Amino acid sequence: NNIKLICAVSKSKFRKKHSKFIQYGTAGFRTKGEDLEHVLFRMGVLAVLRSKFKKATIGAMITASHNPEEDNGVKLVDPMGEMLESSWESIATKLANIDDEDIETELNTIIKQENIDENQPANVFFARDTRPSSEHLANALEEGICAAGGNSQNFGLLTTPQLHYMVRCINTNNNYGQPTEAGYFKKITTAFRTLYKQENKNYKASLVIDAANGIGAIQAKLLNTHLKDLIQIELKNDGTSGRLNHDCGADYVKVQQKSPQGIDMEPGTRHLSFDGDADRIVYYFADKDNTFHLLDGDKIATLVAGYLKNLMSESGLTLNLGLVQTAYANGSSTDYITNKLQVPVACVSTGVKHLHHKALEFDIGVYFEANGHGTVLFSDKANQIISNATKDTSKTEAQRKSASCLLTVIDLINQTVGDAISDMLLVELVLSTQDWDAEQWNQAYIDLPNRQLKVKVKDRSVIQTTNAERKTTAPVGLQEAIDKLVSGYLKGRSFVRPSGTEDIVRVYAEADTRANADKLAAEVGAVVY
Ligand code: NG1
Ligand code: ZN
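Residues numbered from 1 in each chain as written. Chains lettered and ligands numbered in written order. Predicted model: local features only at pLDDT ≥ 70, side-chain atom pairs only at ≥ 80, totals over all residues. Heavy atoms only, no water.

Novice: How should the pattern of salt bridges be read in this particular structure?
Specialist: Where side chains of opposite charge bring their charged atoms close, a pairing between them can arise. Using the criterion set out here, one finds 33 salt bridges in the structure. Put simply, Glu89 and Lys353 hold a salt bridge, and the shortest N to O gap is 2.9 Å. Here Lys353 lies in helix H12 (residues 352–359) and Glu89 lies in helix H3 (residues 86–97), a separation of 264 residues in the sequence. On the basis of relative accessibility, which here comes to 23%, the residue Lys353 falls in the partly exposed class. In this structure, the salt-bridge partner of Lys519 is Glu523, at a minimum N-O distance of 3.7 Å. In this pair, Lys519 and Glu523 are both assigned in helix H18 (residues 514–528), 4 residues apart and thus about one turn of the helix distant. (Salt bridge = Lys/Arg side-chain N within 4 Å of Asp/Glu carboxyl O. Helix = DSSP H or I, 4+ residues; strand = E, 2+ residues; numbered from the N terminus. Buried < 20%, exposed > 50% of the residue type's maximum accessible area, 1.4 Å probe, protein only.)

Novice: Sorry, what's going on with the sheet that holds strand S3 (residues 71–77) here?
Specialist: Within a sheet, neighbouring strands are paired by backbone hydrogen bonds and run either parallel or antiparallel to one another. Spatial strand order, S1-S3-S2-S4-S5: 5 strands in an open sheet with mixed pairing. Only two strands of the sheet have a single partner each, and these edge strands are strand S1 (29–32) and strand S5 (151–157). Strand after strand, the sheet turns through a mean of 15° between neighbouring axes, direction not considered. (Pairing = 2+ DSSP bridges. Axes fitted to C-alpha atoms, helices over the stretch in contact; angles between N-to-C directions.)

Novice: Could you clarify how one ought to interpret the side chain of Gln479 in this entry?
Specialist: Its place among the elements puts Gln479 in helix H17 (residues 478–486). At 2.7 Å, the side chain of Gln479 forms a polar contact with the backbone nitrogen of Thr472. Sequence-distant contacts of Gln479, that is, excluding residues within four places in its chain, are made with Arg470, Lys471 and Thr472. (Polar contact = N/O pair within 3.5 Å; in protein donor to acceptor, adjacent residues only side chain to side chain. Contact = heavy atoms within 4.5 Å.)

Novice: Honestly, the coordination of the zinc ion (ligand 2) in this entry has me stumped. Any pointers?
Specialist: Between any two of four tetrahedral donors, the ideal angle at the metal is 109.5 degrees; between two of six octahedral donors, it is 90 or 180 degrees. Distances from the zinc ion (ligand 2) to its protein donors, Ser65 (OG), Asp275 (OD), Asp277 (OD) and Asp279 (OD), fall within 2.0 to 2.1 Å. One way to put it: the 4 donor atoms around the zinc ion (ligand 2) meet at angles of 87 to 170°, and that makes the site irregular. (Donors = N, O, S within 2.8 Å, 3.2 Å for Na, K, Ca; no water. Tetrahedral: all angles 85-135°; square planar, octahedral: opposite > 155°, others 65-115°.)

Novice: What am I meant to see in the site of ligand 1 here?
Specialist: The immediate surroundings of ligand 1 are formed by 14 residues, with Glu369, Ser499, Gly500, Thr501 and Arg506 found nearest. One of the side-chain nitrogen or oxygen atoms of Arg497 is found 2.8 Å away from an oxygen atom of ligand 1. Residue Thr501 places a side-chain N or O atom 2.5 Å away from an oxygen atom belonging to ligand 1. In terms of residue class, the shell around ligand 1 is made up of 2 nonpolar, 7 polar and 5 charged. (Near = heavy atom within 4 Å. Nonpolar A, V, L, I, M, F, W, Y, C, P; charged D, E, K, R; others polar.)

Novice: Where do I start with helix H13 (residues 380–389) in this structure?
Specialist: Residues three or four positions apart in an α-helix share a direction because the helix packs 3.6 residues into each turn. Among all positions of H13, only Ala382, Ile386, Ser387 and Ala389 are buried. For H13, the angular spread of buried residues about the axis comes to 160°, placing them on one side. Buried residues along H13 sit in contact with strand S13 (364–368), strand S14 (374–378) and helix H14 (397–412). (Arc of directions from axis to C-beta.)

Novice: In this structure, what is going on with the sheet that holds strand S19 (residues 505–510)? I would like to understand it.
Specialist: Strand order in the open sheet formed by 3 strands is S15-S19-S18, with antiparallel pairing between adjacent strands. If you trace the sheet from one side to the other, it starts and ends with strand S15 (450–455) and strand S18 (493–498), each paired once. Going from strand to strand, the sheet's axes swing by 15° on average, the running direction of each strand aside. The sheet contacts of H18 involve S15, S18 and S19, and relative to S15 the element is tilted by about 25°.

Novice: I tried to follow the packing of helix H2 (residues 37–54) against H3 on my own but got confused; where do I start?
Specialist: It is the contact of H2 with H3, at a shortest axis distance of 9 Å, that shows an interaxial angle of 140°. The chirality of how H2 crosses H3 is right-handed. Note on element contacts: H3 touches H2 through Trp88, Ile91, Ala92, Leu95, Ala96 and Asn97, opposite His38, Val39, Arg42, Met43, Leu46, Leu49, Arg50 and Phe53. (Left-handed = near helix turned anticlockwise from the far one by under 90°.)

Novice: Looking at this structure, I do not really get the packing of aromatic side chains. What am I missing?
Specialist: How two aromatic rings sit relative to each other is set out by the distance from centre to centre and by the angle between their planes. All told, the structure shown has 15 aromatic pairs when counted by the stated rule. Here Tyr196 and Tyr203 contribute two aromatic rings whose centre-to-centre distance is 6.0 Å and whose plane-to-plane angle is 75°, an arrangement assigned as edge-to-face. What makes Tyr196 buried here is its relative accessible area of 9%. Three or more aromatic residues joined by ring pairs form one cluster here, namely Tyr165, Tyr176, Tyr184 and Phe185. A cation over an aromatic ring shows up here: Lys187 above the ring of Tyr176, its NZ or CZ 3.4 Å from the ring centre. (Phe/Tyr/Trp six-rings, centres within 6.5 Å; stacked < 30°, edge-to-face > 60°. Lys NZ or Arg CZ within 6 Å of the ring centre and 35° of its normal.)

Novice: Honestly, the pairing of S13 in this entry has me stumped. Any pointers?
Specialist: Side-chain positions along a regular strand alternate between the two faces of the sheet. Burial runs high along S13: 5 of the 5 residues are buried. Neither face of S13 is exposed, since Ile364, Val366 and Phe368 on one face and Gly365 and Tyr367 on the opposite face are all buried. Where strand S11 (residues 321–326) and S13 come together, 4 bridges link them in parallel fashion. Bridge pairing links Gly322 to Gly365 in S13.

Novice: So what exactly am I meant to see when it comes to the environment of Asp435 here?
Specialist: Within the secondary structure, Asp435 sits in the loop between helix H15 (420–434) and helix H16 (438–442). You can call Asp435 buried: its relative accessible area is 17%. Sequence spacing of Asp435 and Ser313 is 122 residues, and the spatial spacing of their C-alpha atoms is 19 Å. Every residue in contact with Asp435, bar those within four places of it in the chain, is listed here: Asn200, Lys201, Asn202, Tyr203 and Gln440. Here the side chain of Asp435 touches Asn202 through a polar contact of 2.9 Å, landing on its backbone nitrogen.

Novice: I keep staring at the state of the cysteines and nothing clicks. Help me out?
Specialist: One covalent bond between the sulfur atoms of two cysteine residues makes up a disulfide. For the coordinates displayed, the defined rule picks out 0 disulfides. With no disulfide of its own, Cys7 has Cys146 as its nearest cysteine by sulfur position, at a separation of 15 Å. For Cys7, a relative accessible area of 12% puts it in the buried group. Judged by relative accessible area, Cys146 falls into the exposed class, the value being 55%. (Disulfide = S-S within 2.5 Å.)

Novice: I tried to follow the packing of helix H10 (residues 297–314) against H14 on my own but got confused; where do I start?
Specialist: Helix-helix packing is described using two parameters, namely the angle between the two axes and the distance between the axes. Contact geometry of H10 with H14 gives a least axis separation of 8 Å together with a crossing angle of 145°. Of H14, the residues touching H10 (which contributes Tyr307, Leu308, Leu311, Met312 and Glu314) are Ala398, Gln399, Ser402, Cys405, Leu406 and Val409.

Novice: What am I meant to see in the side chain of Asp100 here?
Specialist: Looking at the element boundaries, Asp100 is found in the loop between H3 and helix H4 (103–113). Within the structure, Asp100 has its side chain in polar contact with the side chain of Arg42 (distance 3.1 Å).

Novice: For this particular structure, what's the right way to read unusual backbone geometry?
Specialist: Where the residue is not glycine, phi is negative for most of them; where a peptide bond is considered, it is trans in most cases. Geometrically, the link from Ala474 to Pro475 is a cis peptide bond, its omega value of -5° lying close to zero. As for its position among the elements, Pro475 is in the loop between strand S17 (471–474) and H17. Located in the positive-phi region is Gln257, a residue other than glycine, with phi close to 55°. Tracing the sequence through the fold places Gln257 in the loop between helix H9 (250–256) and strand S8 (270–274).

In short, geometric facts, not functional conclusions.
Dropping the structure here:
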């Protein structure tokens, strides 16, 4: 019986060595790497149960994304490459935190409650980022899978979105692509090569990538072998000397609103930063006066939505295109999307799964967090209509050509989750098509000055929010105090929410000037504290 074996291995090798409570949050489990060994073993077991339950391959990614190098984490990936279904998040949390003695009972409960057929075969795909603790944790995960009687494939070092891609490929009989690193690059670079415009006046085919000293560096080098004749890529923070995410990476650049360590910005050149597992990307550049400009997830979303809207109209297609943001989206971006682009925009709670879920409601759903995590989803209906349009003889040649272009764009995009490499190619494709430099892209709208702060409180769970986290409902009086402060500022907007990944409360503020945004954030921070 597998459960007896699981308990024996758990007792002999993967005992729980501390009593810290660890929660499966918006980004899976995330904490100090040294506290995760038993969690990884148990998640190996749970991935097998999930695989039996879904009768499909399940993914497990070992990473703590943009967190410091000593942190780590694990998240499970569902069959279509999406995040683990939320009802299983609490199952995961419970299994990760119970005492060693209770594992047998708990596993039997899960099997019974979820009606899992134990004779069903199980398969788990897993990969890891470059953290020092990742390999050891991957071994613990593998032992869990093995003890539970599952098969597995260890992909070694991959970006998070690559692992999501592999899972989708295998569960769609390779219709989505080949479930290999080579298959991934082949799919996206073939699409890119087909569409990319080489002859340009304003657009220059060169980039500087800050790889956050992480897995993005390894994968960007591989990408470079496919595209070096098209784009010149200069790789910085490539992991050869600096620490992962230390003074670099997408989160650092977005929150600090300055260039990362190790990069001397050449005016006009497009720079970009990945995060530690390369599912986020932000662009930035220095203008001729050496002023720093950030092109964040909001700017990427508007660029991409504008491009797709154009292609749709050039193909004579009317599909329902929508954009999904969170409260962190800059107010100017929301205005621009609504009034200039005239694309419907929805606002949801922080966390990719909420955006992804909402984006599924559109024929073509573009979603991006301001921090640079996002992608585009094409519904089956959209796929079919676009594909039909490429062969529709009642359309003009030009319309069919635009529809083919749209069909190829779908292959360029990793629809399972935000993907820094695929998003980068999409941005480069749009810029080359429009013949825009960074300055021209940036001109779409001017960001309202904004500031994010972290406030340490005793118990962040006392703060409760509503309306996609834009207002607080508890503690009593907090929202009124924020409203009062905001009313004193031109274009003022501010909200607070407890972080789902750190033990802090996040404060966001925007206003008409840099000084006012900073002041409003500080004032709101003070009432939270
Ligand atoms: P929290 O810590 O809940 O704010 C952060 C990001 C999210 C998401 C998750 C998962 C911000 C403000 N928040 O969540 O958008 O990316 O991490 O990695 O950027
Ligand atoms: Zn990440």
